[in-house]
Amino acid sequence: MIITEGGRRAAIRTDEASAAYDSAYATRCERPASAETGRAIRAVVELSRAFGGMTMRALLGAQFMPDPQSLVTAFEVPFGEPLGFGLVADCGSELGRPLVAGLPRDFADATLAGLAGDAQADPLPAGLLRVDRAGFDETGSSEAAFKLAGDLLRHVLHALLHDEEPLAVAQTVVSAW
């Protein structure tokens, strides 16, 4: 599913295997969980936003695993080494040229901030929301792009967990950019 609104574009899909990555490093936080029971879900979002003569790009995907024994939702964002150049761009993109798979250290904190939101954000059920898909553009990605992508991903996952239409929710988020 692709949303286009002027220079703002977003794509939502269930998975993007070419964006899979893992890392020994991670940043993490917890938020109070809702009282509802969750189920395992996965989603991937991608964004492209024209901004000040540049196009911001980011791709993020995560899996939510419920934990009925917990009272919190844990958000985990694995990351790699700092941003480098000359990397192979072989991660599939629905919004442009291929991206580089993985998440550099440069974007991890912004991703976590967008994904976890603030403590007042719509809570998710108890469990672990772990990012395990990511793609970046060496020149077009930024902290701002990954914060927006994290926020969009949280809204899409929230919609899926509540059997709401993720496209409608994503449209609202994209309109607010």
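These remarks concern the structure in this document. Counting from 1, residues in each chain are numbered in the order their sequence is written. With pLDDT at 70 or above as the cut-off, local features in this predicted model cover only qualifying residues; side-chain atom pairs require 80 or more to be listed or tallied, and sums for whole chains, interfaces and linings still use all residues. In computing side-chain properties, one takes all heavy atoms of the structure into account and sets aside hydrogens as well as water.

## Considering helix α2 (residues 143-161)
- The helix count covers DSSP runs of H or I at least four residues long, the strand count covers runs of E at least two residues long, and both are numbered beginning at the N terminus. Here, expected helix span is obtained from the residue count minus one, scaled by 1.5 Å. A rise of 1.5 Å per residue sets the reference length of α2, with its 19 residues, at 27 Å; its end C-alpha atoms lie 27 Å apart and thus fit the reference within 8%.
- Immediately downstream of α2, the backbone of D163 shows phi near 55°, a positive value.

## Remarks on the pattern of salt bridges
- The salt bridge definition used is simple: a Lys or Arg side-chain nitrogen within 4 Å of an Asp or Glu carboxyl oxygen. Evaluation of the coordinates by the stated rule reveals 16 salt bridges.
- Across the salt bridge formed by D15 and R133, the nearest N and O atoms sit 2.7 Å from each other. Placement of D15 in the loop between β2 (8-13) and β3 (25-32) and of R133 in strand β8 (residues 127-136) is noted, with a sequence separation of 118 residues between them.
- Per-residue accessibility, obtained with a 1.4 Å probe over protein chains only, is compared with the maximum for each type, and a residue is labelled buried under 20%, exposed over 50%, and partly exposed between these values. D15 sits in the partly exposed class, given a relative accessible area of 31%.
- A salt bridge links D137 to R97; the nearest nitrogen and oxygen atoms lie 2.6 Å apart. Of the two residues, D137 sits in the loop between β8 and α2 while R97 sits in the loop between β6 (72-79) and β7 (100-101), which places them 40 residues apart along the sequence.
- In this structure D137 comes out as buried when scored by relative accessible area, which is 5%.
- Note on R97: relative accessible area 53%, which makes it exposed.
- Here the residues in one salt-bridge network are R13, E16, E46, R57, E94, R97 and D137, joined through shared partners.

## What about the environment of E138?
- Tracing the chain through its elements places E138 in the loop between β8 and α2.
- According to the relative accessible area criterion, E138 is partly exposed, its value standing at 21%.
- With 70 residues separating them in the primary sequence, E138 and P68 have C-alpha atoms 40 Å apart.
- Sequence-distant contacts of E138, that is, excluding residues within four places in its chain, are made with L83, G84, F85, G86, L87 and V100. Should any heavy atoms of two residues lie within 4.5 Å, those residues are counted as being in contact.

## Considering the packing of α2 against helix α3 (residues 166-175)
- With their axes 9 Å apart at the nearest point, α2 and α3 run at an angle of 150° to one another. Taken as axis vectors, α2 and α3 run roughly antiparallel relative to one another. As for the relative orientation of α2 and α3, their crossing is right-handed in sense. Where α2 approaches α3, its residues D151, L152, H155, V156, A159 and L160 are matched on the opposing element by P166, V169, A170 and V173. Structural elements are reduced to axes, namely lines fitted to C-alpha atoms, with helices fitted over the stretch in contact, and the angle between N-to-C directions of any two is expressed from 0 to 180 degrees. Roughly parallel refers to an angle under 35 degrees, roughly antiparallel to one over 145, roughly perpendicular to one between 65 and 115, and oblique to any angle outside these ranges. Left-handed describes a crossing whose near helix is turned anticlockwise from the far helix through less than a right angle; right-handed describes the clockwise counterpart.

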